[in-house]
Amino acid sequence: MWRGKASGRCVLVLLSLWLCVQSVPISVDKTKVVVPDEKLETPQSDTGLHYDRYLREVVDFLEKDAHFRDKLHNADMEDIKKGKLSKELDFVSHHVRTKLDELKRQELNRLRMLIKAKQDIQGGNGMTLDHQVLLKQFEHLNHTNPHTFEVEDLDRLIKSASSDLENFDKERHEEFKKYELMKEHERRERLKTMDEEHRKKEEAHYEEMKKKHAEHPKVHHPGSQDQLKEVWEESDGLDPNEFEPKTFFKLHDSNGDGYFDENELEALFTKSLEKVYNPAHEEDDMIEMEEERLRMREHVMKEVDTNKDRLVSVDEFMAATRQKEFMETDDWETLDQNPLYTEEELKQFEEHLTNEENNLKEKTSGLQKQREELERQQEQLDAQKMQLQQAVEHMEKIKAQNPQAVKDSGASVASPPTGEKLPVLPGNSQPLPSGHQQQDVPVPLHS
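Bear in mind the structure is a predicted one, so any value in this text is a computation, not a measurement. (Residues numbered from 1 in each chain as written. Predicted model: local features only at pLDDT ≥ 70, side-chain atom pairs only at ≥ 80, totals over all residues. Heavy atoms only, no water.)

Draft legend 1. The overall build of the protein, seen in detail. Check the secondary structure of the protein and you find 16 helices and two strands. Sorting the 447 residues of the protein into buried and exposed places 35% on the buried side. Long-range contacts, defined here as pairs at least 24 residues apart, represent 72% of the contacts in the protein between residues at least 6 apart. (Helix = DSSP H or I, 4+ residues; strand = E, 2+ residues; numbered from the N terminus. Buried < 20%, exposed > 50% of the residue type's maximum accessible area, 1.4 Å probe, protein only. Contact = heavy atoms within 4.5 Å.)

Draft legend 2. Spatial organisation of the packing of aromatic side chains. If you walk through the whole model with that rule in mind, you get seven aromatic pairs. For the ring pair tryptophan 232 and phenylalanine 243, a centre distance of 5.4 Å and an interplane angle of 80 degrees mean the geometry is edge-to-face. Of the two residues, tryptophan 232 is situated in helix H9 (residues 225-234) and phenylalanine 243 in the loop between H9 and helix H10 (245-252); the sequence distance between them amounts to eleven residues. Measuring from ring centre to ring centre gives 5.3 Å for phenylalanine 249 and phenylalanine 317, while their planes differ by 50 degrees; the resulting arrangement is tilted. Of this pair, phenylalanine 249 sits in helix H10 while phenylalanine 317 sits in helix H14 (residues 314-320), and the two are 68 residues apart along the sequence. Residues phenylalanine 249 and phenylalanine 317 agree in their burial class; the two are buried. Seen from the ring of phenylalanine 61, lysine 64 lies directly overhead, with NZ or CZ sitting 4.1 Å from the centre. The ring of tyrosine 206 has arginine 187 lying over it, and the distance from NZ or CZ to the ring centre is 3.8 Å. (Phe/Tyr/Trp six-rings, centres within 6.5 Å; stacked < 30°, edge-to-face > 60°. Lys NZ or Arg CZ within 6 Å of the ring centre and 35° of its normal.)

Draft legend 3. Layout of H9. Three or more residues of H9 are buried, namely Gln225, Gln227, Leu228, Glu230, Val231 and Trp232. In the core, the buried residues of H9 are packed alongside H10, helix H12 (270-276) and H14.

Draft legend 4. Region of interest: the environment of glutamate 180. You can see glutamate 180 is positioned in helix H7 (residues 151-192). Residues glutamate 180 and isoleucine 287, 107 residues apart in the sequence, show an inter-C-alpha distance of 9.7 Å. Excluding residues that lie within four positions of it along the chain, glutamate 180 makes contacts with Asp285, Glu288, Leu340 and Tyr341.

Draft legend 5. Examining the confidence of the model for the protein more closely. On average, the protein scores 80 in pLDDT, and the residues at 70 or more come to 75%. Note that residues 1-43 has pLDDT below 50 and, in this model, 119 contacts with residues that lie over four places away or in other chains. (pLDDT = per-residue confidence, 0-100.)

Draft legend 6. Structural view of the pattern of salt bridges. Counted by the stated rule, this structure contains 31 salt bridges. Residue glutamate 150 is joined to arginine 97 by a salt bridge in which the shortest nitrogen-to-oxygen separation is 3.1 Å. Placement of the pair is glutamate 150 in the loop between helix H6 (131-136) and H7 and arginine 97 in helix H5 (residues 94-124), with a sequence separation of 53 residues. Put simply, Asp169, Glu262, Glu266, Arg297 and Arg310 are held in one network by salt bridges that share partners. (Salt bridge = Lys/Arg side-chain N within 4 Å of Asp/Glu carboxyl O.)

Draft legend 7. Expanded view of the packing of H7 against helix H13 (residues 286-304). Running from N to C, H7 and H13 point in directions that differ by 145 degrees, and their axes come no closer than 11 Å. The handedness of the crossing between H7 and H13 is left-handed. The residues of H13 that touch H7, namely those facing Asp169, Arg172, His173, Phe176, Tyr179, Glu180 and Lys183, are Ile287, Glu288, Glu290, Glu291, Leu294, Arg295, Arg297 and Glu298. Classifying every residue of the contact of H7 with H13 gives four nonpolar, one polar and ten charged. (Axes fitted to C-alpha atoms, helices over the stretch in contact; angles between N-to-C directions. Left-handed = near helix turned anticlockwise from the far one by under 90°. Nonpolar A, V, L, I, M, F, W, Y, C, P; charged D, E, K, R; others polar.)

Draft legend 8. Summary view of the side chain of glutamate 291. Tracing the sequence through the fold places glutamate 291 in helix H13. With residues near it in sequence (within four places) discarded, glutamate 291 still touches Arg172, His173, Phe176 and Leu335.

Draft legend 9. Expanded view of the packing of H7 against helix H15 (residues 343-401). The interhelical angle for the contact between H7 and H15, taken along N-to-C directions, is 80 degrees, at an axis separation of 10 Å. One way to sum up the angle between H7 and H15 is to call them roughly perpendicular. Residue-level contacts link Lys177, Lys178, Leu181, Met182, Glu184, His185 and Arg188 of H7 to Glu343, Glu345, Leu346, Phe349, Glu350 and Leu353 of H15. When its residues are assigned to classes, the contact of H7 with H15 shows five nonpolar, one polar and seven charged. (Parallel < 35°, antiparallel > 145°, perpendicular 65-115°, else oblique.)

Draft legend 10. Expanded view of helix H2 (residues 52-62). With eight of eleven residues buried, H2 is to be regarded as a mostly interior element. Taken together, the buried positions of H2 are occupied by Asp52, Tyr54, Leu55, Arg56, Val58, Val59, Phe61 and Leu62.

Draft legend 11. Fine view of the side chain of glutamate 292. With respect to the secondary-structure elements, glutamate 292 resides in helix H13. Excluding residues that lie within four positions of it along the chain, glutamate 292 makes contacts with Leu273, Tyr277, Trp332, Glu333, Thr334 and Leu335.

Right, dumping it as structure tokens:
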């Protein structure tokens, strides 16, 4: 059973509209424990979903309906995922339904404008759109009914948010792996352009930076007693011998709702990450630091978030402090100790890049030929236009010099006087010009 408005809200968005997976928390030193007396409103963080704003607005207006709000706060996570809560939409007030209709129309218009813009851009580059990708943009609503917000829309929104949030971290890992593969590929390509001397220097510098990055202080296991005590002492400025888990939880539950969301949880790892990454050091990659932060959060969630709602309640946190894993003293293995890819994977990645490059070259060559053909046709049109213009100018010049000559030249032949016929030559259907008379033509005799 969920308690309170904040927890119910997190259930609907499945699991957290308060998340900010891309933010970098800042450590704040505190000289004494101050447990917040009241809940503070904190800015809502972006979920990372392409329909984040629409999701938030729907939740905001549904919570304004008393009946739906009560059902939400008493709903079970699995019931929500199965769509049982969606059926309660039929009982919300007319005002809320009207606003939801408007929100849906706005969202459909937004998606259509974005897709139209994408079509225009890709069309100009000679590229075609993947229709499956386009349809995926509409999975969170029923686009066949563009006018009203119905039960199916809420059901789709919940299921899409649930699925997308669960896959969001996986997609981030994949993007990071591609980043690392590309970085290594580009490094090796640069080496190919160097002579032997410079290549050896570059390789030596690379190995030196790797070694320097690996020489960092011990990193405690995320969520372990040693790791939390480090935060207690260095960030909170408190005596590590007086560490008390429940007080620690209240101190770092920044919005006072009784839960650690993913943003609040990731903030606990800042001190550990600062041991490994420094933006002023050449050997440290800040993009790798964010991947490390994600790995730490996933590790804690896996061990502590027992009901898999992407939140850590105070009860879950306290239960975790009583487990043997909480006393973990082994070092945390950082990214430099965990290879992200094999040589075979790098080879496949480079082959993929080569194929894409060849395809791009083919398209570029085809477009260049089309351009040359269009230029040739344009030259022909320009030449015809020039000839026509010269002919017009020539006629205008003749007309200006001798208007009567132009008039006479326009007539095929002079007309005979009224009632007269033009003489016709034998064997020729053409009449003789006026003024000429027909002469006798001797006819040869046959023997």
